[in-house]
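Next come the chains, spelled out residue by residue.
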Amino acid sequence: MIQIFIQTNNNCIVSLDIKGHAEFDEHGKDLVCAGVSSIAIGLLNALEEFKTGYDCQMQDNEIKVVANNLNNKEAQIILKTGIIQLQTIQESYKAYIKISKQEV
């Protein structure tokens, strides 16, 4: 299962952590993993392109984004858009992706 952890503060995204594998299908054919990976990598690319003040890390089985500056409106829009996309995947594949939110 893919686990997604979102931390917020006053409606701002503080961090986003995506880890695990969906195991919807065999490696190379897993459309849930492919969809989540595409969204996550697109987020990282957009955050990098707009120099948003977020630290981004990509490792085996994990993508993590942590805020340095919560006042960057472009970054918040990028992250909120990505989270909406991830929630859309979760609606169709609840057994393979879990999203948790925490106010900090």
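Residue positions within a chain follow its written sequence, with the count starting from 1. Local features are withheld for residues below a pLDDT of 70 in this predicted model, meaning they are given only at 70 or higher, and side-chain atom pairs are given and counted only at 80 or more; totals for whole chains, interfaces and linings count all residues. Hydrogens and water are ignored here; the side-chain numbers use all heavy atoms of the structure.

Visitor: Which parts of the structure should I look at to understand the side chain of Ser15?
Guide: Relative to the elements of secondary structure, Ser15 occurs in strand β2 (residues 12-19). Here's how the labels work: a residue is buried when its accessible area is under 20% of the maximum for its type, exposed when over 50%, partly exposed in between, all with a 1.4 Å probe on protein chains only. Overall, Ser15 belongs to the buried group, its relative accessible area being 9%. Residue contacts are defined here by distance: any two heavy atoms, one from each residue, within 4.5 Å place the two residues in contact. Those residues in contact with Ser15 that sit more than four places away from it in its chain are Phe5, Ile6, Gln7, Val65 and Val66. A run of DSSP states H or I qualifies as a helix once it reaches four residues; a run of E qualifies as a strand once it reaches two. Both are numbered from the N-terminal end.

Visitor: Honestly, the packing of aromatic side chains in this entry has me stumped. Any pointers?
Guide: Aromatic ring pairs are described here by two measures, namely the spacing of the ring centres and the angle between the planes. Pairs were defined over the aromatic rings of Phe, Tyr and Trp, the Trp ring being its six-membered one, requiring ring centres within 6.5 Å. Orientation was assigned from the angle between planes: stacked under 30 degrees, edge-to-face over 60, tilted for the rest. With the rule as written, the count across this model stands at 2 aromatic pairs. On the basis of an interplanar angle of 85 degrees and a centroid distance of 5.1 Å, the ring pair of Phe24 and Tyr96 is categorised as edge-to-face. Taken as a pair, Phe24 in the loop between β2 and α1 (31-49) and Tyr96 in the loop between α2 (73-92) and β5 (97-103) lie far apart in primary sequence, 72 residues in all. Residue classification places Tyr96 among the partly exposed positions, given a relative accessible area of 27%. Members of the aromatic cluster, each reached through a chain of ring pairs, are Phe24, Tyr93 and Tyr96.

Visitor: When you look at the pairing of strand β4 (residues 62-67) in this model, what are you seeing that I'm missing?
Guide: Along a regular strand, successive side chains alternate from one face of the sheet to the other. The two faces of β4 differ: Ile63, Val65 and Ala67 on one face are buried, but Glu62, Lys64 and Val66 on the other face are not. Two strands pair when backbone bridges link them, and β2 and β4 are joined in this way by 5 bridges, in the antiparallel orientation. Pairing of Ile18 across the sheet is with Ile63, part of β4. In this sheet, β4 lies alongside strand β3 (residues 54-59) in antiparallel orientation, the contact comprising 6 bridges. Within the sheet, the bridge partner assigned to Tyr54 lies in β4 and is Ala67. A pair of strands is treated as paired once DSSP finds two or more bridges between them. Where β3 folds back onto β4 in an antiparallel hairpin, the turn is made up of 2 residues, including Asn61, whose phi is positive at roughly 65 degrees.

Visitor: I keep staring at unusual backbone geometry and nothing clicks. Help me out?
Guide: Working note: non-glycine residues mostly have negative phi, and peptide bonds are mostly trans. With phi around 50 degrees, Asn10 is a residue other than glycine that occupies positive phi space. Locating Asn10 in the fold gives a position in the loop between β1 (2-9) and β2. Given the relative accessible area of 64%, Asn10 is considered exposed. Phi is positive for Glu23, close to 60 degrees, though the residue is something other than glycine. By the element assignment, Glu23 lies in the loop between β2 and α1. The class of Glu23 is exposed, set by a relative accessible area of 63%.

Visitor: What should I look at first to understand the pattern of salt bridges in this one?
Guide: Whenever Lys or Arg places a side-chain nitrogen within 4 Å of a carboxyl oxygen from Asp or Glu, that contact is recorded as a salt bridge. Scanning the entire structure with this criterion turns up 3 salt bridges. One salt bridge in this structure joins Lys64 and Asp17, with 4.0 Å as the shortest N-O distance. Here Lys64, found in strand β4, pairs with Asp17, found in strand β2; they are 47 residues apart in sequence, far enough to count as distant. Under the relative-accessibility criterion, Lys64 is labelled partly exposed at 30%. The partner of Lys19 in a salt bridge is Glu62, and the shortest N-O contact between them spans 3.9 Å. Here Lys19, found in strand β2, pairs with Glu62, found in strand β4; they are 43 residues apart in sequence, far enough to count as distant.

Scope: geometric values only; no functional claims are made or implied.
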